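If you want the building blocks of each chain, they are given just below.
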Amino acid sequence: MQYLMVDLHQRFVGTVERPQPLTVGEAIEADAKSYVVVGIDPTGKQRNRPVPTLTVMDNRAGRRVAVAR
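Residues numbered from 1 in each chain as written. Predicted model: local features only at pLDDT ≥ 70, side-chain atom pairs only at ≥ 80, totals over all residues. Heavy atoms only, no water.

Asks: Which residues make up the overall build of the protein chain, and what values do they have?
Replies: Of the regular secondary structure elements, the protein chain holds 0 helices and 5 strands. Listing the helices and strands of the protein chain from first to last along the sequence gives β-β-β-β-β. In the protein chain, which comprises 69 residues, the share counted as buried stands at 35%. For the protein chain, contacts bridging at least 24 residues in sequence account for 38% of all contacts bridging at least 6. (Helix = DSSP H or I, 4+ residues; strand = E, 2+ residues; numbered from the N terminus. Buried < 20%, exposed > 50% of the residue type's maximum accessible area, 1.4 Å probe, protein only. Contact = heavy atoms within 4.5 Å.)

Rendered as structure tokens:
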């Protein structure tokens with residue numbers, strides 16, 4: 001599954017492709033950087049894009065992060 005990645009300010013970060021769906025709190029590697037997923041828009045409708053959108057933040061620790069809901 002391909003995802004569009006944006007930062008907390010909704011600025012484009014890049015794209016990432018994963019064989020399994022991602023979840024909030026999951027750490028991912030993309031473009032030689034580590035990110036943590038803090039939000040998922042599975043339809044991409046908010047951004048008028050046909051692919052799911054991940055909101056990510058820098059994950060310098062490189063591990064799964066707990067996210068309060």
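Asks: Let's hear about the pattern of salt bridges: which residues, and what values?
Replies: All chains considered together, the criterion is met by 1 salt bridge. In this structure, D7 engages R11 in a salt bridge whose closest nitrogen and oxygen atoms are separated by 2.8 Å. You can call R11 partly exposed: its relative accessible area is 49%. (Salt bridge = Lys/Arg side-chain N within 4 Å of Asp/Glu carboxyl O.)

Asks: Could you give an account of the sheet that holds strand β1 (residues 2-6), with specific residues and numbers?
Replies: What the 5 strands build is an open sheet, ordered β2-β1-β5-β4-β3; its pairing is mixed. Strands at the two margins of the open sheet, each flanked by one partner only, are β2 (12-17) and β3 (27-30). The sheet shows a mean angle of 45° between the axes of neighbouring strands, direction not considered. With 5 bridges joining them, β1 and β2 adopt antiparallel strand pairing. By the bridge assignment, L4 is partnered in β2 with T15. (Pairing = 2+ DSSP bridges. Axes fitted to C-alpha atoms, helices over the stretch in contact; angles between N-to-C directions.)

Asks: Describe unusual backbone geometry, with residues and values.
Replies: In the Ramachandran plot, Q10 falls in the positive-phi region, its phi being about 65° despite a non-glycine side chain. Topologically, Q10 is positioned in the loop between β1 and β2. We classify Q10 as partly exposed; its relative accessible area is 35%.

Asks: Explain the environment of T53 to me, using residue names and the numbers behind them.
Replies: Within the element layout of this structure, T53 appears in strand β5 (residues 53-58). With relative accessibility at 4%, the residue T53 sits in the buried group. In the structure, T53 is positioned 12 residues away from D41 in sequence and 5.0 Å away in space, judged by C-alpha atoms.

Asks: Give me the pairing of strand β4 (residues 33-41): which residues, what numbers.
Replies: As judged from the 4 bridges shared by β3 and β4, these two strands associate in the antiparallel manner. For E29, the partnering residue across the bridge sits in β4 and is S34. Linking β3 to β4, which pair antiparallel, is a turn of 2 residues; within it D31 sits at a positive phi near 55°.

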